Amino acid sequence: MGRRWARPLAAAGLVVCAVAGISAPERAEAREVVRFNFNAEPGTIVIRNSERRLYLVKENGIAIRYRVAVGRASEQWEGRTVVNGRHVRPAWSPPAVVRRANPSLPDVIPGGAPNNPMGEGALTLAGGEYAIHGTSASMRRSVGTAASFGCFRMLNEDVVDLMNRVGVGATVVVTR
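Residues numbered from 1 in each chain as written. Predicted model: local features only at pLDDT ≥ 70, side-chain atom pairs only at ≥ 80, totals over all residues. Heavy atoms only, no water.

Novice: If you had to explain the environment of Arg80 to someone new, which residues and values would you point to?
Specialist: The topology assignment puts Arg80 in strand E6 (residues 79–88). A relative accessible area of 66% means that Arg80 is categorised as exposed. Excluding residues within four positions of it along the chain, Arg80 makes contact with Thr171, Val172 and Val173. (Helix = DSSP H or I, 4+ residues; strand = E, 2+ residues; numbered from the N terminus. Buried < 20%, exposed > 50% of the residue type's maximum accessible area, 1.4 Å probe, protein only. Contact = heavy atoms within 4.5 Å.)

Novice: Residue-level account of the side chain of Asp161, with values.
Specialist: Structurally, Asp161 can be placed in helix H3 (residues 156–163). Residue Asp161 is classed as buried on the basis of its relative accessible area, which comes to 13%. Apart from the residues within four sequence positions on either side, Asp161 is in contact with Arg31 and Tyr66.

Novice: Explain the layout of surface pockets to me, using residue names and the numbers behind them.
Specialist: Within this model, the largest pocket holds a volume of roughly 630 Å³. Around the largest pocket, the lining is made up of 31 residues, and of these Trp92, Pro95, Val98, Pro117 and His133 lie nearest the centre. Looking at the lining of the largest pocket, the elements with two or more residues in it are helix H2 (96–101), strand E8 (131–133) and strand E9 (146–148). (1 Å grid on protein atoms, 1.4 Å probe; cavity = no way out; pocket = protein on both sides within 12 Å on 5 of 7 lines; lining within 4 Å. Points joined across faces, edges and corners; volume = space filled by probe spheres on them.)

Novice: So, the nonpolar core: which residues are in play, and what are the values?
Specialist: Formed by 22 residues in total, the largest nonpolar core has its most connected members in Ile45, Leu54, Ile132 and Leu162. Within the residue set of this core, elements represented by two or more residues are strand E2 (45–48), strand E3 (53–57), strand E4 (62–67), strand E7 (121–125), H3 and strand E11 (171–175). Of the residues forming this core, the biggest block, 3 residues, is contributed by H3. The contacts of Leu54, once residues within four sequence positions are left out, are Ile45, Val46, Ile47, Ile64, Arg65, Tyr66, Val68, Ile132, Met154 and Leu162. Counting residues in each nonpolar core, the second largest holds 9 residues, with Trp92, Ile109, Ala131 and Phe149 among its members. (Core = buried A, V, L, I, M, F, W, Y, C linked by side-chain atoms within 4.5 Å.)

Novice: Hey, could you go over the pattern of salt bridges for me, with residue numbers and the actual values?
Specialist: This model, assessed by the stated rule, comprises 9 salt bridges. Between Arg176 and Glu78 there is a salt bridge; the shortest N-O distance is 3.0 Å. With Arg176 in the segment after E11 and Glu78 in the loop between strand E5 (70–71) and E6, this residue pair connects regions lying 98 residues apart in the sequence. Residue class for Arg176 comes out partly exposed when judged on its relative accessible area of 44%. Residue classification places Glu78 among the partly exposed residues on the basis of a relative accessible area of 48%. Salt bridges here are not isolated pairs; linked through shared partners, they connect Arg31, Asp158, Asp161 and Arg165. (Salt bridge = Lys/Arg side-chain N within 4 Å of Asp/Glu carboxyl O.)

On their own, these measurements won't tell you what the molecule is for.
As structure tokens, this is what we get:
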């Protein structure tokens, strides 16, 4: 295909994406395939608070690594749990600890609302009020920092990718 076709095809692609409601992410996706030395079955999610990274264990010492926001120093936790729910654009009700810190929050923020901190999706974790979830546009810059109340916040495009790779019952290991 010659250069003379490049611009018309690119323009046509943008029109198709616009009509379908698809847009490019604001910045490059944070995930990458890396060597990973952790004794876990493929499909296990390993979150390392100290690195602010989430790893999805694959076969043969490989993992997909994502940047995440982890809990503030006083809110970090470690342990082992499982994914007990998969939710697309979930509504969000602030847990008590969040409500104490932000009493003006509404009781429920509808799914898909621009101020919903769960973003495009959430993997809820058994045993508490924690989740691995997307983020609102205003909180994107927090990904890769220690900013949450104990949840693990990802870029929306990355949480969608992760949700497409794991299901309910997946093991989650959280380390310091």
